[in-house]
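# Examining the three-dimensional arrangement
Here are the chains, one letter per residue:
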Amino acid sequence: MSKRKPLIAGNWKMNLDKLTGKKLVEDLANANIDYKKVDVLVAPSSILIQPALCSLSKIKNSIIVAAQNISHEEKGAFTGETSAAMVAASGAKYTLIGHSERRQLYVDTDQLINLKVKKALEHNLSVILCVGETLWDREASAAVETVLAQVGKGLKDIKSLTKIVLAYEPVWAIGTGVTASPKDAQNMHKAIREYVAKIRGKAVADKLRILYGGSVTPINAKELLSQKDIDGALVGGASLKSEDFLKIINFDKK
Ligand code: PEP
């Protein structure tokens, strides 16, 4: 078991609406969660952040609300974009950056991702920086090299990592029902931590939370989350049903 407090994060992607999102956060907020042992986060689409926070404010809980993406620009003529300032003003405390769907479908390059990380930090948002190799990279034995390059470029010139969480999400495991084996996931997390230790020092690396994402379910969560360097999960599909998400949050119970 790792020394770091686990973070279980749910990425709703472009799913749920005001009513179903409300029901989900209310179910989570009303559930028995030991927040001393685990941090819980939900990332609705930006338009659902305020309704989610409003529902959560009526029930005692410590659930964190995050955006799924921000613009790297401060403000201006960028139709369809949401700024870090807007996300922060809406009450969200975190943002995901560099999710593989952003990288693949919206061409978020490592350079753009690095600008987004900087912009988020400027506005006091914590960041879950997502990295992960494609199947092609893995089959070409380039998985570690690819992921470490994404980490290095994403964190370029970021002075402090205290508001950064990394999420290792192999692209071939996202939404596919195929999960990295606990051993393969642990090996990658260890490689990431060793790399961060090399570029930022061991003390920083030891404190850094590295989540695993890619078809995490109530069935596989415990084994994945018991690995030494896996400090939580970024969950897509299974975060949309409170029953499943709560089983993952409570992976350590029983
Ligand atoms: C994700 O969207 O980050 C993700 C890991 O999705 P899923 O859990 O559905 O694979």
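Located above this text is the structure these notes cover.
In this report, the structure presented in the accompanying data block is examined. Remember, predicted model here, so these are calculated numbers, not experimental data.

## Things to note about the side chain of Glu 169
Tracing the backbone through its elements, the reader meets Glu 169 in the loop between β6 (164-168) and α8 (182-200). Here the side chain of Glu 169 touches His 99 through a polar contact of 3.5 Å, side chain to side chain.

## What about the packing of helix α5 (residues 110-122) against helix α7 (residues 143-154)?
One way to put it is that α5 packs onto α7 with a least axis distance of 8 Å and a crossing angle of 45°. When the axes of α5 and α7 are compared, the pair comes out oblique. Residue-level inspection shows Asp 110, Asn 114 and Val 117 of α5 in contact with α7, the latter providing Gln 150, Lys 153 and Gly 154. Looking at the contact of α5 with α7, its residues break down into 1 nonpolar, 3 polar and 2 charged.

## So, the pairing of strand β4 (residues 94-97)
Both faces of β4 are covered, namely the face carrying Tyr 94 and Leu 96 and the face carrying Thr 95 and Ile 97. Pairing between strand β3 (residues 64-67) and β4: 2 bridges, direction parallel. Residue pairing in the sheet places Ala 67 in a bridge with Thr 95 of β4. After leaving β3, the chain enters helix α3 (residues 84-90) and then returns to the sheet as β4, a path that is right-handed. Relative to strand β5 (residues 126-131), β4 is paired through 4 bridges, and the arrangement is parallel.

## Brief notes about the packing of helix α1 (residues 18-30) against helix α11 (residues 242-249)
Following both chains from N to C, one finds α1 and α11 inclined at 35°, their axes separated by 10 Å at the closest point. Between α1 and α11 lies a crossing of right-handed hand. Within the contact between the two elements, α1 uses Leu 24, Asp 27 and Leu 28 and α11 uses Ser 242, Phe 245, Leu 246 and Ile 249. Its residues assigned to classes, the contact of α1 with α11 shows 5 nonpolar, 1 polar and 1 charged.

## Notes on α7
Its 12 residues give α7 an end-to-end C-alpha distance of 16 Å, which sits within 8% of 16 Å, the value for a rise of 1.5 Å per residue. Among all positions in α7, only Ala 143, Thr 146, Val 147, Leu 148, Gln 150, Val 151, Gly 152 and Gly 154 are buried.

## Describing the nonpolar core
For soluble globular proteins, nonpolar side chains are generally found buried alongside one another. Judged by nonpolar contacts, the single largest core of 64 residues is most densely connected at Ile 8, Val 151, Ile 164, Leu 166, Ile 192, Tyr 212 and Ile 249. With 5 residues, α8 is the largest single contributor of residues to this core. If sequence neighbours within four positions are ignored, Tyr 212 has contacts with Tyr 168, Pro 170, Ala 173, Thr 179, Ala 180, Ala 185, His 189, Leu 224, Ile 230, Gly 232, Ala 233 and Leu 234. Within the second largest apolar cluster, 14 residues are counted, among which are Ala 9, Leu 41, Cys 130 and Ala 167.

## Quick notes on the site of the ligand
In the vicinity of the ligand there are 14 residues, among which Lys 13, Glu 169, Gly 175, Ser 215 and Gly 236 approach most closely. In the environment of the ligand, an oxygen atom lies 2.6 Å from a nitrogen or oxygen atom belonging to the side chain of Glu 169. Note that an oxygen atom of the ligand is positioned 2.8 Å from one of the backbone N or O atoms of Ser 215. Here the ligand has 290 Å² of accessible area as a free molecule, and 95% of this is covered by the chains. In the shell around the ligand, the residues fall into 4 nonpolar, 8 polar and 2 charged.

## Quick word on α5
End to end, α5 covers 18 Å across 13 residues, agreeing with the expected 18 Å (1.5 Å per residue, within 8%). Within α5 the residues assigned to the buried category are Asp 110, Leu 112, Ile 113, Asn 114, Lys 116, Val 117, Lys 119 and Ala 120. In this structure, the buried residues of α5 make contact with α3, β4, α4 (100-105), β5, α7 and β6. Within two residues after α5, Asn 124 carries a phi angle of roughly 65°, on the positive side.

## What to know about the environment of Gly 91
Locating Gly 91 in the fold gives a position in the loop between α3 and β4. The exposure class of Gly 91 is partly exposed, given its relative accessible area of 23%. Separated by 27 residues in the primary sequence, Gly 91 and Ile 64 place their C-alpha atoms 9.7 Å from one another.

## Comments concerning the layout of surface pockets
Within this model, the largest pocket holds a volume of roughly 550 Å³. Along the walls of the largest pocket sit 19 residues, with Met 14, Gln 68, Asn 69, Arg 102 and Tyr 106 positioned nearest its centre. Counting residues per element, the lining of the largest pocket draws most heavily on α4, which supplies 3 residues.

Reading guide: rules and limits
Each chain carries its own residue numbering, running from 1 in the written order of its sequence. The predicted origin of the model limits local features to residues at a pLDDT of at least 70 and limits the giving and counting of side-chain atom pairs to 80 or more, whereas totals for whole chains, interfaces and linings rest on all residues. Side-chain numbers here rest on the full set of heavy atoms in the structure, without hydrogens or water. Here a helix means four or more residues in a row that DSSP labels H or I, a strand means two or more in a row labelled E, and each is numbered from the N terminus. In the analysis that follows, any N or O atom pair within 3.5 Å is treated as a polar contact, provided that within protein one partner can donate a hydrogen and the other can accept it, and provided that, for residues neighboring in sequence, both atoms belong to side chains. To obtain an axis, a line is fitted to C-alpha atoms, over the contacting stretch when the element is a helix, and the angle between two such axes runs from 0 to 180 degrees between their N-to-C directions. Angles are sorted into four bins: roughly parallel if under 35 degrees, roughly antiparallel if over 145, roughly perpendicular if 65 to 115, and oblique for all others. Contacts: residue pairs with any heavy atoms within 4.5 Å of one another. Only Asp, Glu, Lys and Arg are considered charged, only Ala, Val, Leu, Ile, Met, Phe, Trp, Tyr, Cys and Pro nonpolar, and every remaining residue, Gly among them, polar. For every residue, the accessible area obtained with a 1.4 Å probe (protein chains only) is divided by the maximum for its type, and the residue is called buried under 20%, exposed over 50%, and partly exposed between those limits. Pairing between strands is defined by DSSP: at least two bridges between the two strands are required. By convention, orient the strands away from the viewer: a clockwise path from the first strand over the helix to the second makes the crossover right-handed. The hand of a helix crossing depends on one turn: near helix anticlockwise from the far one by less than a right angle means left-handed, and clockwise means right-handed. Here the expected length of a helix is defined as 1.5 Å per residue gap, with one fewer gap than residues. Think of a nonpolar core as a cluster: buried Ala, Val, Leu, Ile, Met, Phe, Trp, Tyr and Cys residues, connected wherever their side-chain atoms sit within 4.5 Å. Here, proximity means that at least one heavy atom of the residue falls within 4 Å of the molecule or strand. The method behind every accessible area is Shrake-Rupley, applied with a 1.4 Å probe, and residues are considered shielded solely by the protein chains displayed. Lining residues are those with an atom within 4 Å of a point, where the points come from a 1 Å grid over the protein atoms alone and group into cavities, where a 1.4 Å probe fits but cannot get out, or pockets, open sets with protein on both sides within 12 Å along at least five of seven lines. Grid points are joined across faces, edges and corners, and a volume is the space filled by probe spheres set on the points.

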